[in-house]
Amino acid sequence: MGPQGLSGQDGVRGPAGCRGPKGEPVSRKHVAFTAKLTHHILPSPNDHLVKYNALLSNIGGGFSLVTGKFVAKVDGAYQFSFFGISRAGKRISMKLVKNGAMQLSAYGSSPGLQTTCSNCEVSAGNTGILQLKTGDSVWVVLGANSGLFGDNDEHYATFSGHLLF
């Protein structure tokens, strides 16, 4: 076989093909909320849902003050954070729950505070990313024997979330 020859000239461009079907518009849903607690929750012998009673923001309307839960209206990856403070040397245990299953937890305690400091605070918090489907619910649970300090002016107890993508 001999060497390759020279390339020929480009041919005439053919006719355009049929137009494809119209695509769906790209739509970025905006979802973000921050709820806060403006009153104290005293320690209780049982775990219980924290019903945050005020909103700093609720873009997309996914957080309900009635239920204390966020319900996803859009599939996607969401980032959540929750923080709290306990007063007077009490411990604090919090959990982030998705559809009834614990996803994250946070704990704060100092045994010495119980006997040596009657006015000291203990804080706890955590942040994580969860994959949610439309209708999934996320909420915060305060652990048994934990107190949570809420305040009108200082936002010590908060629960926030937003859609990443």
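Since this is a predicted model, take the numbers as computed values, not measurements.

Asker: Hey, could you go over the overall build of the protein chain for me, with residue numbers and the actual values?
Answerer: Of the regular secondary structure elements, the protein chain holds 1 helix and 11 strands. Mapped in sequence order, the helices and strands of the protein chain form the string β-β-β-β-β-β-β-β-α-β-β-β. For 165 residues, the compact-globule estimate of 2.2 N^0.38 gives 15 Å, and the C-alpha radius of gyration of the protein chain, at 26 Å, exceeds that figure by more than 25%. With the principal axes as the frame, the protein chain shows a C-alpha extent of 95 × 40 × 30 Å. Put simply, the protein chain has 165 residues, and 38% of those count as buried. Excluding contacts between residues fewer than 6 apart, the proportion of contacts in the protein chain whose partners are at least 24 apart in sequence is 71%. For the protein chain, the distance from the average position of its 15 positive side-chain charges to the average position of its 9 negative side-chain charges is 6 Å.

Asker: Can you explain the sheet that holds strand S9 (residues 122-132)? Please cite residues and give values.
Answerer: Read from one edge to the other, the open sheet built from 5 strands follows the order S3-S1-S11-S6-S9, with strand pairing classed as antiparallel. Among the strands making up the open sheet, the edge pair consists of strand S3 (54-59) and S9. Averaged over all pairs of adjacent strands, the angle between strand axes in this sheet comes to 10 degrees, irrespective of strand direction. In the sheet, strand S6 (residues 76-86) pairs with strand S11 (residues 158-163) via 6 bridges, with the strands oriented antiparallel. Bridge pairing in S11 places Phe82 opposite Phe159.

Each value, and the rule that gives it
Residues numbered from 1 in each chain as written. Predicted model: local features only at pLDDT ≥ 70, side-chain atom pairs only at ≥ 80, totals over all residues. Heavy atoms only, no water. Helix = DSSP H or I, 4+ residues; strand = E, 2+ residues; numbered from the N terminus. Rg over C-alpha atoms; globule rule 2.2 N^0.38 Å. Buried < 20%, exposed > 50% of the residue type's maximum accessible area, 1.4 Å probe, protein only. Contact = heavy atoms within 4.5 Å. Lys, Arg positive; Asp, Glu negative; His and termini not counted. Charge placed at Lys NZ, Arg CZ, Asp CG, Glu CD. Pairing = 2+ DSSP bridges. Axes fitted to C-alpha atoms, helices over the stretch in contact; angles between N-to-C directions.

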